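Spelled out from the first residue to the last, the chains are:
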Amino acid sequence: QLKAAQPAWAKFPLERRINILKRFSELLAEHIEQLAAILTAEVGKPLQQSRNEVNGARARIQWLTDQAPRYLGEEEMSRDEKMAEVIRYEPLGVVCNISAWNYPYLVGTNVFVPALLAGNAVMYKPSEYSTLTGLQIERLLKLAGVPDEVFQVAIGGKEVGEILLTTDFDGYYFTGSYKTGQYIYEKVAPKMVPCQCELGGKDPLYVADDISDIAAVAAGTADGAFYNNGQSCCAVERIYVHEKVYDAYVKEFVKEVKSWKLGLPTEAGVYIGPLSRASQVQFLENQIDEAKSKGAVVLTGGKRVAGKGYFFEPTVLVNVNHQMEIMREESFGPVIGIMKVSGDEEAIQLMKDTAYGLTAAVYSRDEKRATDILAQVDAGTGYWNCCDRVSAALPWSGRGHSGFGATLSHAGLRAFTKPKSYHLRKA
Ligand code: NAD
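As the structure is a computational prediction, the values presented were derived from the model and not from experiment.

Engineer: So, the pairing of strand β6 (residues 171-175): which residues are in play, and what are the values?
Structural biologist: For β6, the tally of buried residues reaches 5 of 5 residues, placing the bulk of the element in the interior. The two faces of β6 match: Gly171, Tyr173 and Thr175 on one face and Tyr172 and Phe174 on the other face are all buried. Sheet topology places strand β3 (residues 94-98) next to β6; 4 bridges connect them, and they run parallel. Considered in β6, the bridge of Cys96 is made with Tyr172. The pairing of β6 with strand β7 (residues 195-198) spans 4 bridges and is classified as parallel. Across the sheet, Tyr172 pairs through a bridge with Cys195, a residue of β7. Regarding the hand of the β-α-β motif, the stretch spanning β6, helix α8 (residues 178-188) and β7 is right-handed.

Right under this line is the structure:
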């Protein structure tokens, strides 16, 4: 069905596809309360964070639709009286998007919006933990005018994913864990079609000794570590602090974490809701126990909350080191390790000591000092005095175990196309 319908979709003028996706964005705004309620019910994120996510997706759609004519249109590279050299960006055909549950609107938008804009048909597999959101996305895309046969949803978990891997698609775009990404990449390699993997991270953040407002830095970086319960691919996962500001920073950081309200995600003012599944609660407890057995000290939190629901106390650990899983493997939860360092050199060595490479952050008053450090860390994104942030205008891409390929930006618009070169000589 998708294969049969795709050529007609690709023949629509780009302007028409842009208008349909703009309409989709309007529909997201019109239905935001219902969509946020469904998302919160499925994944447990506080209602306001669900609204923020839908609005974040709308901002990305705005950028992608605004920029589509510039990056998907024909490009003339040179022309003289005799010869013109031109690039046209053709759609791949039917692409398969296997997606994650933690930000279904955002990570979905990164893939199916530019894929549809470029003239592809899409098979979208939401995570089994955000199925209802996946179905809402389908409903609103169709309401906006995407033809029925151009966007389809595959409902289910791993088993359904496996079927998609053995089906004939023209490209695979995966968002999820390193383990699954590596498996998918190996599995689809013989097909010789494009495959992109946006995977997890163990993103480091360094606080230098020249920061001026320690309380503000502590609050901002704590949010970077704990927003969405730490279940963000680019959540801050490990923090290194210059010894000169370490004590003051840790004190302010813990104060901030202790100020948050934990509770039902539908209640106003709640910042920490439940985790999405039981296995994650156990996983975090294991990481914390392992760290404690090697000398880590818990300053706040450290365990699940008794009673109903998968609630976990936001946890801050110090006395940590790189022999501990908590500083090496993605936690993907409300847990952070903070380590004291003697200066920039030690911080750089520790930031680099990872198999992942999604983002890295430096807080300092000195831009050059920060960007010199960031240049040495092999990550797709560098942040100066900010963190846990994604911009539609910039490529979103990982390195190493964080994956490869890019979404968003000009690179992400063109990721769903194949360039065709035309050498046009006048007879
Ligand atoms: P996951 O790897 O468990 O699942 C992702 C998707 O893969 C789901 O739809 C799942 O059903 C499917 N899947 C699982 N096994 C499969 C198989 N054998 N064959 C085919 N499909 C299969 O990941 P998750 O728990 O949904 O998401 C969390 C992870 O995603 C974290 O590691 C997070 O950092 C990462 N993530 C990365 C980004 C990014 O942009 N880099 C964004 C969001 C999440």
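Picking up after the structure, the text goes on.
Engineer: Can you explain the site of the ligand? Please cite residues and give values.
Structural biologist: Neighbouring the ligand are 30 residues, the closest being Glu128, Ser177, Thr180, Arg277 and Glu330. Here an oxygen atom of the ligand sits 2.7 Å away from a polar atom, N or O, in the side chain of Thr180. The separation between a nitrogen atom of the ligand and a polar main-chain atom of Leu199 is 2.8 Å. In isolation the ligand offers 860 Å² of accessible surface; the protein chains occlude 92% of this area. Elements supplying a minimum of two residues to the shell around the ligand: α7 (158-165), β6 and α8. Here the shell around the ligand gets 4 residues from one element, more than from any other, and that element is α7. Considered class by class, the residues forming the shell around the ligand number 13 nonpolar, 10 polar and 7 charged.

Engineer: Kindly report on the nonpolar core, identifying the contributing residues and their values.
Structural biologist: Counting 103 residues, the largest nonpolar core has Phe24, Phe151, Ile239, Tyr249, Phe253 and Ile338 as the members making the most contacts within it. In contact with Phe24, other than residues within four places in its own chain, are Ile61, Phe112, Ile137, Leu140, Leu141 and Ala144. Judged by nonpolar contacts, the second largest core, of 29 residues, contains Ile326, Met327, Ala347 and Ala379.

Engineer: An account of the side chain of Thr175 is needed here, citing residue identities and associated values.
Structural biologist: Relative to the helices and strands, Thr175 is located in strand β6. Exposure remark for Thr175: the relative accessible area of 9% places this residue in the buried category. Ignoring anything within four residues of it in the chain, the contact list for Thr175 reads Ile98, Ser99, Ala100, Val107 and Glu198.

Engineer: Mind laying out the sheet that holds strand β17 (residues 403-404), listing which residues take part and the relevant values?
Structural biologist: Pairing is mixed in the open sheet, where 6 strands are placed in the order β5-β4-β3-β6-β7-β17. At either margin of the open sheet sits one strand with a lone partner, and together these are β5 (151-153) and β17. As paired elements, β7 and β17 share 2 bridges and run antiparallel to each other. Considered in β17, the bridge of Cys197 is made with Phe404. Set on the sheet, helix α6 (residues 131-144) makes contact with β4 (121-125) and β5; between it and β5 the angle comes to about 160°.

Engineer: I'd like a rundown of the environment of Leu132, residues and numbers included.
Structural biologist: Within the secondary structure layout, Leu132 lies in helix α6. Along the chain, Leu132 and Val270 lie 138 residues apart, while their C-alpha atoms are 23 Å from each other.

Engineer: Tell me what's going on with the sheet that holds strand β1 (residues 75-79), and back it up with residues and numbers.
Structural biologist: Taken in spatial order, the 3 strands make up an open sheet running β1-β2-β18, and their pairing is antiparallel. In this open sheet, the two edge strands, each paired with only one partner strand, are β1 and β18 (417-425). Shown here is a sheet whose adjacent strand axes are inclined to one another by a mean of 20°, direction ignored.

Engineer: If you had to explain the environment of Ala248 to someone new, which residues and values would you point to?
Structural biologist: Tracing the backbone shows Ala248 in helix α10 (residues 243-258). The partly exposed category is assigned to Ala248, whose relative accessible area is 36%. Separated by 30 residues in sequence, Ala248 and Ala218 place their C-alpha atoms 9.2 Å apart.

Engineer: If you had to explain the packing of aromatic side chains to someone new, which residues and values would you point to?
Structural biologist: Tallying each qualifying case throughout the model produces 13 aromatic pairs. Aromatic side chains Trp101 and Phe332 sit 5.9 Å apart centroid to centroid with 80° between the ring planes, which places their arrangement in the edge-to-face category. Of the two residues, Trp101 sits in the loop between β3 and α5 (104-117) while Phe332 sits in the loop between β11 (315-318) and β12 (335-341), which places them 231 residues apart along the sequence. As far as burial versus exposure is concerned, Trp101 and Phe332 are alike and both buried. Residues Tyr185 and Phe404 carry aromatic rings whose centres are separated by 4.6 Å and whose planes lie at 50° to one another, so their mutual orientation is tilted. With a gap of 219 residues between them, Tyr185 in helix α8 and Phe404 in strand β17 connect regions that are remote in the sequence. Residue Tyr185 is classed as partly exposed on the basis of its relative accessible area of 42%. Judged by its relative accessible area of 29%, Phe404 is partly exposed.

Thresholds, definitions, all that
- Residues numbered from 1 in each chain as written.
- Predicted model: local features only at pLDDT ≥ 70, side-chain atom pairs only at ≥ 80, totals over all residues.
- Heavy atoms only, no water.
- Buried < 20%, exposed > 50% of the residue type's maximum accessible area, 1.4 Å probe, protein only.
- Helix = DSSP H or I, 4+ residues; strand = E, 2+ residues; numbered from the N terminus.
- Pairing = 2+ DSSP bridges.
- Right-handed = clockwise from strand over helix to strand, strands pointing away.
- Near = heavy atom within 4 Å.
- Polar contact = N/O pair within 3.5 Å; in protein donor to acceptor, adjacent residues only side chain to side chain.
- Areas by Shrake-Rupley, 256 points an atom, 1.4 Å probe, with all protein chains shown as cover.
- Nonpolar A, V, L, I, M, F, W, Y, C, P; charged D, E, K, R; others polar.
- Core = buried A, V, L, I, M, F, W, Y, C linked by side-chain atoms within 4.5 Å.
- Contact = heavy atoms within 4.5 Å.
- Axes fitted to C-alpha atoms, helices over the stretch in contact; angles between N-to-C directions.
- Phe/Tyr/Trp six-rings, centres within 6.5 Å; stacked < 30°, edge-to-face > 60°.

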